Structures are given as structure tokens and as C-alpha cells.
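Here is how the chains run, residue by residue.
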Amino acid sequence: MIALAGLLLLAGPARPAALIFDRVDLISEDPASWLNYDVPMAGVNATTVAVRWIEQVKVSWRLPTPGLTLGTSLASQSLFWERPVSVAAGLSAGAGVQTTLLLPRGAFADVSWRRGRFRAAVGVGAVSSATWTDLDWTAWDLVPTLGLGVGRR
Amino acid sequence: MGRAPAVALVVGLAGCGFLGAGLHPVVEAHRGAAGYWPQNSRTAMRGSIAAGYEGLEFDLVLTADDVPVLSHDAWLHETLCTLQDGTALDGRILLRDLTLEAVLAGYTCGGVPDPENPDAEVVAETVMTFDELLAELAEAEADLVVHIDVKYLEGATPEPEVIAPVVLQRWWDADLPQPWYVSADHAGLLLEFRRLADEAGEPIVTSLIWPYFPPDGSDTLVALEAEALAMLGVEDLEDLADDAEADGIAIPWQILDRRQVELARRRGLEVQAWTLNDEDLLTAFSAWPLDALITDYPGRAP
């Protein structure tokens, strides 16, 4: 919580941050476990896969600082910063930190493509095993990430 | 993009869960393969041993005279057990209120079709004691893992300090060669098993059954709560096992999370999954880094 608050203070202006809806990620890049670990079980454990899909659906909000977004899902909260790589092609690159119940536990970076309301991103995430009951940042997994979202133009 | 790179990209993006763990989980006959024979019955134990299953799981509850008998509940099974003359039971009859003699003289179990396992054979027989099962295991020299699931329910069974020594002493006296472990859904009971084994200088392997499903509670609500707590990291498998000083944790397949399983294994924790009864489920979870798959139908495992 302290880390996220600190990042927000560093990133944002002194005035109260105005959150503007950006998009809903139907497949979210963080915590990146649904696609990697749950989808393969869809054929035999559809209910759990569906529940965990809901857990990872992320709503992202633009912060006043250009390129900075705050993402919130049941499973994670993230702060993400991206900047255009090619405006004409709609390509951006970015990186973010991921928290669970505001406990920092991972980071991810991606390349995204935006056209109209649609956003797609591929990247990589580094996820630790830290939880509030076990503050352990020694074990990390590197996982591929995919983000698919719809939102503001 | 060619087909092979496209497939590689898809697998790469959605990758880890598609990969097999390269382990072979032990397939345990749940309650002695309750899909084939009456659960926790003499017939089931003999059938499972004869079938050569890799693991045998059964439940123990103490009678009033502290004799461990095979039963999943602290009471005689309301559906499967009857009076000796076949009359249905009138409510729950606690095993701790009956001596072994009274249990054997008054009741039979398995003579009524099991609605949870409609394909299981229907055989009426008296309740099996732990001593009988130990004798069967010794005689058969069965090459299997023995999984003893010990039941504790506050107010309905004796306390852990009574249960643990009774079960452990019998196991030690039997001096069987089979690998074995004890599971329970109550941390205090596992701690008592651990304490006694340590005092005696005997090895023991224990596993915590998680989450705890109250006998009359909603399984769905318990599962959802467990899922939420695990998702938020409020409950951690390793912490739960540590609190019970357990070597492993047994989790219902519906709420298993492969990443959590992998993390638990990396930390040296054994993980068992229960109760997987479909062939597809058994095949899918066989690829996970699990130590055991507990099933009513061991014959369906790959």
C-alpha cells in the first residue's frame, strides 16, 4: 500500500487525482495467471476457470499524468505507464507494477496496439509469491502476458 | 505468419499450464474406491488391495471404548447404515456413544444403495475396525501407500489427545512396510500426531485437509470463501501447512490453483488433490505437479 501510494505521489500532481475511465481488460496482463494456468483446464473445470476469469477482469483508469493508468481487478491492482512508440501504427510500450490487496508482488512490461476502442498487448510479467501472510519476494516466475481490452478511443 | 510459429505463439502466451509436470501422482482409492464398493467397508478395502491400486485412503473414527473404526463421519452413515434387521436409522448415532461391541452387534452398513456412488456394489456388513484393516494389509503384503484420514469433530468425537495415541500405537504395533501418512482437517489433531511421533522418535508424514467443510455447511460457500482468500493472498498454502506442522496439504480439485501448487512444491510441501472421479479430470490433473490424486474410481486414472 505504501509503495503504491508513493508511486502515485511521485507520478501525480499535487491536486487530487481525477480518474478517467480508460478501458476494461477482458484478458488482463496482471496477475497473468488466468491464461497461463487456468485456461488449459477449461475443458474439465469450466466453473473455476469462469470464476477466475471474473477475478482477473481489470478496469483501467487514466491518471492525470499522461500515459499513467491505474488498473483494478479483484485479483490485482496495478500502476502502469506507457508511451507511444508509433502513433501512426497505434503502437505503445509500457511497464507497470502489480499488487494484490495493494501488496507489491510483481512487474510487467508490454507492447500494445490500439485501434479505436480495442487494445491488444503482449508482454512479459515477473510475479513473486509474496502475499500479506508471507512477505516473500525471493521466488519469482517469468510468464508471458496477453492483454485484450475495450474502452475509450 | 506460418502455422507453426502461430501455434508456438499461442502456446507461448498461454503456456505454463499446458505443460506436464513430469511427475506421476499416486492414485489413491478414496474410502477404498467408493465408486465400486461401499465406502470404508471391508469389501472396499479388500477389493482395493486385491486390485493393486497405488494408494488406499480410508477414514477413522473412535468408538466409545476408543477403538478406531472405518467411518467418514463421527456418526454411523445415515444413508448407508441400518439396524441389523434393516430398519433405517433414526437420526445421527454418534460412534463415540457406542462401544465396538454395540456397533458390531447392532448395525450394518453398505446394504443400502449409495446415492453419491450409484454404481457401487451394495453389500451389507458390519463396520470394519482399523485392526482388521492392518491385518489385511499385513497379510496381503500390499505394495501401496496407506493414507489414514483421521476425523475430529468438536463435541462429536474424542479430543485429539485421545485419538492420536490410539491410532499411532496401532500403526506402530502393526509394523507394516507400506509408506503411510495421516491427514486431518483439524490442525490440532495433526499437531498431536506430530508431537507423539517426535516424542517416540518415530517418523511421520502428515497432510492438512483444506479447507474445512463443516458437516452441515454449504460446500459451495466454503469453496468460494477459500478461493477468495487464496486469490487475495490472505491464506497461503504453506502457512496453513506450517500452522499444522504438516508435510503436505490436501485440496479439493475444484479450487486447486496450479501456480499455488507449483509454489507449494518448490517449498517442499506435498500436495494431494481430492476427489477426482471423471476420467478427463484424472487425466488433466495427472499432468500437474501433485503427489496424489484421490478418487472413488482408481480404475479411471490414466
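What you see is a predicted model; the values in this text were computed from it and never measured.

Moving on to the overall build of chain A. Looking only at helices and strands, one finds three helices and eight strands in chain A. When the helices and strands of chain A are read in sequence order from the N terminus, they spell out α-β-α-α-β-β-β-β-β-β-β. Buried positions account for 40% of the 153 residues belonging to chain A. By sequence separation, contacts in chain A at least 24 residues apart represent 48% of the contacts at least 6 residues apart.

A separate point is helix H3 (residues 46-56) of chain A. Considered for burial, the residues of H3(A) that qualify are A:Arg52, A:Glu55 and A:Gln56. When H3(A) is viewed along its axis, its buried side chains cluster within an angular range of 85 degrees and face the same direction. Along H3(A), the residues that are exposed and aim more than 90 degrees away from the buried face are A:Ala46, A:Thr47, A:Ala50 and A:Ile54. In this structure, the buried residues of H3(A) make contact with helix H2 (33-38) and strand E2 (58-62) of chain A together with helix H7 (219-231) of chain B.

Residue and element names in this part refer to chain A. Strand order in the closed barrel made by the eight strands is E1-E2-E3-E4-E5-E6-E7-E8, with antiparallel pairing throughout. The sheet shows a mean angle of 30 degrees between the axes of neighbouring strands, taken without regard to direction. Bridge count for strand E3 (residues 68-72) against strand E4 (residues 77-86) is five bridges, and the pairing is antiparallel. Each bridged residue has a counterpart across the sheet, and for Leu-68 the counterpart in E4 is Trp-81.

This paragraph deals with the interface of chain A and chain B. Taken together, the contacts link 29 residues of chain A with 26 residues of chain B. Counting residues per element, the side of chain A that touches chain B draws most heavily on H2(A), which supplies five residues. The class makeup of the residues in the side of chain A that touches chain B is 17 nonpolar, nine polar and three charged.

The geometry of a pair of packed helices is captured by two quantities: the angle between their axes and the separation between those axes. All names here are of chain B. Here helix H5 (residues 160-174) crosses helix H6 (residues 187-200) at 50 degrees, and the two axes come no closer than 9 Å. It follows from the interaxial angle that H5 and H6 lie oblique. As H5 runs across H6, the sense of the crossing is right-handed. Touching Pro-160, Glu-161, Ile-163, Ala-164, Pro-165 and Leu-168 of H5 are Gly-188, Leu-189, Glu-192, Phe-193, Leu-196 and Ala-197, all from H6. Looking at the contact of H5 with H6 residue by residue, the classes come out as nine nonpolar, one polar and two charged.

Turning our eyes to something else, we now look at the nonpolar core. Among the nonpolar cores identified, the biggest contains 83 residues, and B:Leu208, B:Ile249, B:Ala273 and B:Leu293 are the most heavily contacted of them. Not counting the four nearest positions on each side in its chain, B:Leu208 is found in contact with B:Ala187, B:Leu190, B:Leu240, B:Ala241, B:Ala244, B:Ala246 and B:Ile249. Among the nonpolar cores identified, the runner-up in size contains eight residues, and A:Ile27, A:Ala32, A:Trp34 and A:Val127 belong to it.

Residue and element names in this part refer to chain B. Where helix H2 (residues 42-51) contacts helix H4 (residues 130-140), the two axes come as close as 11 Å, and the packing angle between them is 20 degrees. When the axes of H2 and H4 are compared, the pair comes out roughly parallel. As for the relative orientation of H2 and H4, their crossing is right-handed in sense. Where H2 approaches H4, its residues Arg-42, Met-45, Arg-46 and Ile-49 are matched on the opposing element by Glu-132, Leu-133, Glu-136, Leu-137 and Ala-140. Classifying every residue of the contact of H2 with H4 gives five nonpolar, no polar and four charged.

Take the confidence of the model for chain A next. Detailed reading of predicted coordinates is not advised where the pLDDT is low. Model confidence for chain A is summarised by a mean pLDDT of 87, while 89% of its residues fall at 70 or above. A low-confidence stretch, residues 1-16 of chain A stays under pLDDT 50, and its non-local contacts, those more than four residues away or across chains, total 16 contacts.

Residues B:Trp210 and B:Pro211 are joined by a peptide bond in cis, for which omega reads 0 degrees. With respect to the element layout, B:Pro211 can be found in the loop between strand E8 (206-209) and H7. That bond from B:Trp274 to B:Thr275 is cis: its omega, -20 degrees, falls within 30 degrees of zero. Mapped onto the secondary structure, B:Thr275 falls in the loop between strand E10 (270-274) and helix H10 (279-286). With phi around 50 degrees, A:Leu101 is a residue other than glycine that occupies positive phi space.

Calculation criteria
- Residues numbered from 1 in each chain as written.
- Chains lettered and ligands numbered in written order.
- Predicted model: local features only at pLDDT ≥ 70, side-chain atom pairs only at ≥ 80, totals over all residues.
- Helix = DSSP H or I, 4+ residues; strand = E, 2+ residues; numbered from the N terminus.
- Buried ≥ 20, exposed ≤ 12 C-beta atoms within 10 Å, placed from the backbone.
- Contact = placed C-beta atoms within 7 Å.
- Arc of directions from axis to C-beta.
- Pairing = 2+ DSSP bridges.
- Axes fitted to C-alpha atoms, helices over the stretch in contact; angles between N-to-C directions.
- Nonpolar A, V, L, I, M, F, W, Y, C, P; charged D, E, K, R; others polar.
- Parallel < 35°, antiparallel > 145°, perpendicular 65-115°, else oblique.
- Left-handed = near helix turned anticlockwise from the far one by under 90°.
- Core = buried A, V, L, I, M, F, W, Y, C linked by C-beta atoms within 7 Å.
- pLDDT = per-residue confidence, 0-100.

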